[in-house]
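Observations on the model geometry
The residues making up each chain are set out below.
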Amino acid sequence: ARQEVGYLVDQLHEVALILDLTHACFPVIGASAGYRQFTGFALDAVLGRAITEVLALGAPSTAVSRSASQNAEDFCRMCRRAELEEISEAAVVQPVRTQSGTYLCVLSL
């Protein structure tokens, strides 16, 4: 999947991840330059990891919202439905820890 579409966001300056919706854990198959710069995490640190792992990457477990993680997974599951023609946006607010140790609050749409 990385070879097919994951590389498409490599040079994108906006913060973006591409997920593989064909797998149950929705692994990351692409991370933009903006995401890597914003978080300080290298591409290898997120590739292949489940979206719930990446959302919580480096954050203390007490700061990780289980409902936000569940909402992200539910949204990804809905995107797989063959009969789906339109879907609204999903928002997840999650604390993240950058590679340098700084904590940030991220709104993912």
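See the structure printed just above.
Residues numbered from 1 in each chain as written. Predicted model: local features only at pLDDT ≥ 70, side-chain atom pairs only at ≥ 80, totals over all residues. Heavy atoms only, no water.

Moving on: the overall build of the chain. Of the regular secondary structure elements, the chain holds four helices and four strands. Its helices and strands in sequence order give the chain the pattern β-β-α-α-α-α-β-β, from N to C terminus. Residues classed as buried in the chain amount to 34% of the 109 residues present. A sequence separation of at least 24 residues applies to 37% of the contacts in the chain between residues at least 6 apart. Roughly 6,800 Å² of accessible area belongs to the chain as shown, and the carbon and sulfur atoms make up 54% of that amount. (Helix = DSSP H or I, 4+ residues; strand = E, 2+ residues; numbered from the N terminus. Buried < 20%, exposed > 50% of the residue type's maximum accessible area, 1.4 Å probe, protein only. Contact = heavy atoms within 4.5 Å. Areas by Shrake-Rupley, 256 points an atom, 1.4 Å probe, with all protein chains shown as cover.)

Before going further, it helps to spend a moment on the pattern of salt bridges. Within this structure, the stated rule accounts for four salt bridges. With a closest N to O distance of 3.8 Å, Glu 73 and Arg 77 form a salt bridge. Of the two residues, Glu 73 and Arg 77 both sit in helix H4 (residues 66-79), four residues apart, roughly one turn of that helix. What makes Arg 77 partly exposed here is its relative accessible area of 35%. With a closest N to O distance of 2.5 Å, Glu 83 and Arg 81 form a salt bridge. (Salt bridge = Lys/Arg side-chain N within 4 Å of Asp/Glu carboxyl O.)

To continue, consider the nonpolar core. Core analysis: the largest hydrophobic core is formed by eight residues, namely Val 28, Ala 31, Tyr 35, Phe 41, Leu 43, Val 46, Val 54 and Leu 57. Sorting the residues of this core by element identifies strand S2 (28-31) and helix H2 (43-46) as the ones contributing at least two each. When residues no more than four places from it in sequence are discounted, the contact partners of Leu 57 are Phe 41, Val 46, Arg 49 and Arg 97. Counting five residues, the second-largest nonpolar core is a separate cluster that includes Ile 51, Leu 55, Ala 72 and Cys 76. (Core = buried A, V, L, I, M, F, W, Y, C linked by side-chain atoms within 4.5 Å.)

With that settled, the discussion passes to a nonpolar patch on the surface. On the surface, Val 5, Tyr 7 and Leu 8 cluster together into a nonpolar patch covering about 280 Å² of accessible area. Position of Val 5 among the secondary structure elements: in the segment before strand S1 (17-19). (Patch = residues over 30% accessible without salt bridge, like charges linked within 9 Å, V, L, I, M, F, W, Y side chains within 5 Å.)

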